[in-house]
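Descriptive structure summary
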Amino acid sequence: NFRLSLNDDMDLRLSATRTMTRADYSALSGAVSLSPPAAAGGVGSGTGGNPNLEPILSTNLDVSWEWYFADRALFAASVFYMDIDNYVSLGQELKTYITYDAQNPQGVPVDYLLTVPVNEAAKVKGFELAWQQPFGDNFGAFANFTYSDGETSDNSPMLGTSETTYNVGGYYETDRLSARINYNYRSSFYSGLDRDSAFFQDDVNTIDAAFGYGLTDQLTLTLDARNLGDEKVKYFAESRERPRSIYENGRQYYLTLRYNN
């Protein structure tokens with residue numbers, strides 16, 4: 001990691017890293033879930049884990065420019081690149097399992113097309129912008145934007161990778177009171193395979209707010225309000241003309257009393 005002070009208000013940072021991450025236990029699990037074929041002689045479907053997954057290795061390069069143009073204020077821009085080995089994606093394997101039913105109580109071998117985690121190479125590149133600035137003693141605003149272009153070695157999209165994400169918000173803070181409201185956007189992203197078809201989560205827009213009040217030096221009361229716009233979570237198969245599922249989780253509120261000794 002390197003940091004170069006361009007002047008009293010500006011810094012240039014460079015980072016080069018090599019990281020290793022173990023695959024999730026859910027991906028390493030050897031269990032399978034099978035759906036037998038509808039007709040004899042057909043191919044069934046199913047999902048499962050892959051205990052042979054290798055650790056994820058990534059070579060990462062980051063360059064950022066930071067400008068502290070006022071007290072408690074920042075504008076920053078950065079670019080990043082990740083070259084990933086053994087990225088955990090989803091693939092399909094044809095496997096044979098002995099299957100028992102009323103017609104075959106002794107069991108017969110049946111082929112199943114399983115959707116399982118697999119290792120492959122991937123690359124991610126993009127840039128980020130961030131801004132934060134106070135207005136007066138108590139008010140302030142912030143915003144950030146990220147563009148990310150990720151793809152695997154077979155040119156398929158990466159799991160959970162949105163092309164654009166951003167959020168914009170404002171805040172008010174005093175010694176006792178804090179209030180913050182935030183708008184978040186995330187573009188659609190690849191969610192996986194289901195019965196040999198790719199499916200995606202659609203764009204998401206959410207509005208969240210948080211309020212806190214210090215009752216005493218030790219007691220703080222906070223209220224977190226999430227998804228104030230009552231946004232639905234939508235999934236589609238390969239295109240938006242093929243809706244797959246819609247979830248309405250509703251608005252959520254959390255009231256918390258914290259004690260600090």
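Quick look at the structure, then. Just so we're clear, the structure is a prediction, and the values are computed from it rather than from any experiment. Throughout, residues of each chain are indexed from 1 in the direction in which the sequence is written. Selection of residues for local features in this predicted model requires a pLDDT of at least 70, selection of side-chain atom pairs for listing and counting requires 80 or more, and totals for whole chains, interfaces and linings are taken over all residues. Based on all heavy atoms of the structure, the side-chain values leave hydrogens and waters out of the count.

1. Quick word on the pairing of strand β14 (residues 219-226)
Any two strands are treated as partners once DSSP identifies two or more bridges connecting them. Strands here mean DSSP runs of E at least two residues long; helices mean DSSP runs of H or I at least four residues long; both are numbered from the N terminus. Both strand β13 (residues 204-214) and β14 contribute to a ladder of six bridges, which runs antiparallel. Its bridge partner lying in β14, Phe-211 is registered against Leu-223. The antiparallel pairing of β13 with β14 creates a hairpin that spans four residues between the two strands. The sheet contact formed by β14 and strand β17 (residues 252-259) spans eight bridges and is antiparallel. Bridge pairing in β17 links Arg-226 to Gln-252.

2. Quick notes on the pattern of salt bridges
Proximity of charged atoms lets side chains of opposite charge pair with each other. Salt bridge, as used here: a side-chain nitrogen of Lys or Arg that lies within 4 Å of a carboxyl oxygen of Asp or Glu. Taken as a whole, this structure holds 11 salt bridges when the rule is applied. Residue Lys-123 pairs with Asp-83 through a salt bridge whose shortest N-O separation is 3.8 Å. Residue Lys-123 is found in strand β7 (residues 108-135), and its partner Asp-83 is found in strand β6 (residues 73-99); the two are separated by 40 residues along the sequence. Put simply, Asp-203 and Arg-240 hold a salt bridge, and the shortest N to O gap is 3.5 Å. Of this pair, Asp-203 sits in the loop between β12 (197-201) and β13 while Arg-240 sits in the loop between β15 (233-237) and β16 (243-247), placing them 37 residues apart in sequence.

3. Quick word on the side chain of Thr-99
As for its placement among the helices and strands, Thr-99 is situated in strand β6. By relative accessible area, Thr-99 is classed as buried at 12%. With residues near it in sequence (within four places) discarded, Thr-99 still touches Asn-104, Gly-107, Val-108, Val-110 and Tyr-112. Only protein chains enter the area calculation, which uses a 1.4 Å probe; residues under 20% of their type maximum are buried, those over 50% are exposed, and those in between are partly exposed. Two residues qualify as a contact provided that any one of their heavy atoms is within 4.5 Å of a heavy atom in the partner residue.

4. As for a nonpolar patch on the surface
Together, Phe-2, Leu-4, Leu-6, Leu-12, Leu-14, Val-63, Val-79, Phe-127 and Leu-129 give the surface a local cluster of nonpolar side chains, amounting to about 770 Å² of exposed area. For the nonpolar patch, the secondary structure elements donating two or more residues are β1 (2-5), β2 (10-21) and β7. On the secondary structure map, Leu-12 appears in strand β2. For Leu-12, a relative accessible area of 33% corresponds to the partly exposed category. For patches, a residue must show more than 30% relative accessible area and have no salt bridge; joins then use 9 Å for like charges and 5 Å for nonpolar side chains, namely Val, Leu, Ile, Met, Phe, Trp and Tyr. Only the protein chains shown count as cover for residues, with accessible areas throughout obtained via the Shrake-Rupley method and a probe of 1.4 Å.

5. A word on the environment of Gly-136
Inspection of the secondary structure puts Gly-136 in the loop between β7 and β8 (139-152). Taking C-alpha positions, Gly-136 is 29 Å from Asn-205, a pair spaced 69 residues apart along the chain.

6. Overview of the side chain of Ser-245
Here Ser-245 is to be found in strand β16. Accessibility expressed as a relative area gives 18% for Ser-245, which makes it buried. Among all residues touching Ser-245, those that are not within four sequence positions of it are Val-233, Lys-234 and Tyr-235.

Purely spatial values, then, with no claim about function.
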